[in-house]
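Spelled out from the first residue to the last, the chains are:
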Amino acid sequence: TRSDPQQTISLGLSQNFEAKLKPAPGDTTQRAARKIRLLSINTSSLSYNFEQAKQPGHTGWQTPSISNSFASDLLPGFRLSVAHDLWKGQVGTDTAKFDPFLTNVSAQFAITPATIRGIAALFGLGRRAQPPATPPPGTESPPGTPPGFGQREFSGPQGLPVGGGRGFNLSLNYTRIRTRPQADTGFVGANAGSQQVGFTLSFQPTALWSATWDSNYNFDTRQFGAHFIRLERDLHRWHASFSFSKAPSGNFAFSFYVALLDQPDIKFDYEQQSITR
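## Observations regarding the overall build of the chain
Looking only at helices and strands, one finds 2 helices and 13 strands in the chain. Scored against the burial criterion, the 277 residues of the chain give a buried share of 18%. Partitioning the intrachain contacts of the chain with sequence separation of at least 6 by distance along the chain shows that 43% fall at a separation of at least 24. Summed over its atoms, the accessible surface of the chain is roughly 20,300 Å², and 56% of this surface lies on carbon and sulfur atoms.

Below you can see the structure in the form of structure tokens.
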């Protein structure tokens, strides 16, 4: 047996852009400034085969597509990926024409109150922390009094303050898929591409209530997909959960569940479904 000779070169690219944060005013610790990644770009490799280029009717190119991915520390969980089809025709043949065509876009990131504060701090928009107020004369605690004595603080389960929430968390993911039109007709059918965004929103309006909403939106049909909503309530020794889901067809279902934390077998659950025609 004999295999064809191979002589291939591959080239990829990786780029990183970083920045150093300024030290706090009056900082004399001489510690190295913390670095953050502003943007990183990773490009997939391209391959060229010199032996293949020697064959009649062929070129040396072997990579049919290329992708670029982007990431940044400015947005937690930020990821962006872009893919292109490089050739119009069969890659590696002399009839193929170099014609980049966008085939896929995928992006995801999360937004939280900490994200907004962090971005605002980079532009100097954040408020500086105020020093603790000095108590008026004559109101100091007697010697030997523990710190915070006399200041009542109510807290719920897991140390959460009663009457206050924990902010929100919004996760977004965007996807777009395209197909290169056929060379002969220029048309590939109704399913030539799709474009949709999915999101998950969770927040805690109070220390004992939490809510989550999952859904997606299709830009082609201009309609929302399935919805899933979940509400949970901490009842100290009990836990209650309510969920509601709705399909694009209109069918929906909801369930209600209450259970004792110490004895999960002691519970009450209810479920109802509806099917529309």
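Moving on, there is more to tell.
## Topic: the packing of aromatic side chains
The relative placement of two aromatic rings is captured by the distance of their centres and the angle of their planes. Scanning all chains against the criterion turns up 10 aromatic pairs. Each ring, one from Phe242 and one from Phe254, has its centre 6.2 Å from the other, and the planes form 35°; the classification is tilted. In this pair, Phe242 sits in strand β11 (residues 238-246) while Phe254 sits in strand β12 (residues 252-260), placing the two residues 12 residues apart along the sequence. An aromatic cluster of at least three residues, connected via ring pairs, comprises Tyr48, Phe50, Trp61, Trp87 and Phe98.

## Considering the pattern of salt bridges
Applying the stated criterion across every chain, the model contains 6 salt bridges. Here Arg230 ties to Glu232 by a salt bridge, and the two come within 3.0 Å at their closest N and O atoms. For Glu232, a relative accessible area of 22% corresponds to the partly exposed category. Taken together, the shared-partner salt bridges connect Asp85, Asp99 and Arg180 into one network.

## Digging into the nonpolar core
A general tendency of soluble globular proteins is for nonpolar side chains to be buried together. In this structure, Ile66, Leu86, Trp87, Val91 and Ala96 together form the largest nonpolar core, which totals 5 residues. Setting aside residues no more than four positions away along its own chain, Trp87 makes contact with Trp61, Thr63, Pro64, Ala96, Lys97, Phe98, Asp99 and Arg180.

## A closer look at the pairing of strand β10 (residues 227-235)
Where strand β8 (residues 209-218) lies against β10, 6 bridges are found, and the strand directions are antiparallel. Bridge assignment links Thr212 to a residue of β10, and that residue is Arg230. Bridge count between β10 and β11: 9 bridges; the pairing is antiparallel. Bridge pairing in β11 places His227 opposite Lys246. The antiparallel hairpin formed by β10 and β11 contains 2 residues in its connecting segment, where His236 sits at a positive phi of about 65°.

## Looking at a nonpolar patch on the surface
Taken together, the side chains of Trp209, Trp213, Ile229 and Leu231 define a hydrophobic patch exposed on the protein surface, amounting to about 320 Å² of accessible area. Listing elements by their share of the nonpolar patch, those giving two or more residues are β8 and β10. Tracing the chain through its elements places Trp213 in strand β8.

The rules behind these values
Residues numbered from 1 in each chain as written. Predicted model: local features only at pLDDT ≥ 70, side-chain atom pairs only at ≥ 80, totals over all residues. Heavy atoms only, no water. Helix = DSSP H or I, 4+ residues; strand = E, 2+ residues; numbered from the N terminus. Buried < 20%, exposed > 50% of the residue type's maximum accessible area, 1.4 Å probe, protein only. Contact = heavy atoms within 4.5 Å. Areas by Shrake-Rupley, 256 points an atom, 1.4 Å probe, with all protein chains shown as cover. Phe/Tyr/Trp six-rings, centres within 6.5 Å; stacked < 30°, edge-to-face > 60°. Salt bridge = Lys/Arg side-chain N within 4 Å of Asp/Glu carboxyl O. Core = buried A, V, L, I, M, F, W, Y, C linked by side-chain atoms within 4.5 Å. Pairing = 2+ DSSP bridges. Patch = residues over 30% accessible without salt bridge, like charges linked within 9 Å, V, L, I, M, F, W, Y side chains within 5 Å.

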